[in-house]
Amino acid sequence: MKPIFKYISYLFFLAILATGTMTILNPKFEFNFEDFFPQNDPDLDYFQSFVSEFDYDDNFYLIGLENNEGIFDELYLRKVDSLTKALKSIENVDQVISITSMARKNTSRNHPGSSSLR
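On a predicted model such as this, the values are computed, not experimentally measured, just so you know. (Residues numbered from 1 in each chain as written. Predicted model: local features only at pLDDT ≥ 70, side-chain atom pairs only at ≥ 80, totals over all residues. Heavy atoms only, no water.)

Novice: Teacher, can you tell me more about the overall build of the protein chain here?
Specialist: Looking only at helices and strands, the protein chain features three helices and two strands. The proportion of buried residues among the 118 residues of the protein chain is 9%. Here the analysis covers contacts within the protein chain between residues at least 6 apart in sequence; of these, 9% occur between residues at least 24 apart. Total accessible area on the protein chain stands at roughly 11,500 Å², and carbon and sulfur atoms take up 59% of it. (Helix = DSSP H or I, 4+ residues; strand = E, 2+ residues; numbered from the N terminus. Buried < 20%, exposed > 50% of the residue type's maximum accessible area, 1.4 Å probe, protein only. Contact = heavy atoms within 4.5 Å. Areas by Shrake-Rupley, 256 points an atom, 1.4 Å probe, with all protein chains shown as cover.)

Novice: Please clarify how a nonpolar patch on the surface should be interpreted in this entry.
Specialist: Among the surface-exposed residues, Ile71, Phe72, Ile97, Ile99 and Met102 lie close enough to one another that they form a single nonpolar patch of about 560 Å² accessible area. Structurally, the position occupied by Phe72 is in the loop between α2 (42-54) and α3 (74-88). Using a relative accessible area of 77% as the deciding quantity, one classes Phe72 as exposed. (Patch = residues over 30% accessible without salt bridge, like charges linked within 9 Å, V, L, I, M, F, W, Y side chains within 5 Å. Salt bridge = Lys/Arg side-chain N within 4 Å of Asp/Glu carboxyl O.)

Novice: What's the story with the pattern of salt bridges in this structure? I'm lost.
Specialist: Should their charged atoms come close, side chains of opposite charge can pair. By the definition in use, this model includes two salt bridges. Between Arg78 and Glu74 there is a salt bridge whose closest N-O contact spans 2.3 Å. Residue Arg78 and its partner Glu74 are both found in helix α3; the two are separated by four residues, about one turn of the helix. Here the two residues Arg78 and Glu74 agree in accessibility, since each one is exposed. With a closest N to O distance of 3.1 Å, Asp81 and Lys85 form a salt bridge. A residue pair is termed a helical-turn pair when its members lie 3 or 4 positions apart in one helix, as Asp81 and Lys85 do in helix α3 at four residues. Taking relative accessible area as the criterion, Asp81 reaches 22% and is therefore assigned partly exposed. Overall, the relative accessible area of 53% leaves Lys85 in the exposed class.

Below is the structure:
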């Protein structure tokens, strides 16, 4: 009877290992914020009223870029600008903001004629 128990133990271990492997290889993420609130919660009601008026605000990607030479490297900035333009050309992309596409507002009173620099 011990050999049967041994084989059943091996099969059980393999089943758990297979289940764990499938879970690791196929992760699922839950992004429904309403599931984070208990039902009949005043905060959930407030959140739902906000969403009905303004829609969800989580439809964006944030991409961070790093350059070992620093941010003011001309070649790096040209590559960032090329990436910015390429991302803007993708269908259904509404807006792309990068360091090369932002305007800097000069608030200095010493230069009244230059309120915006590009």
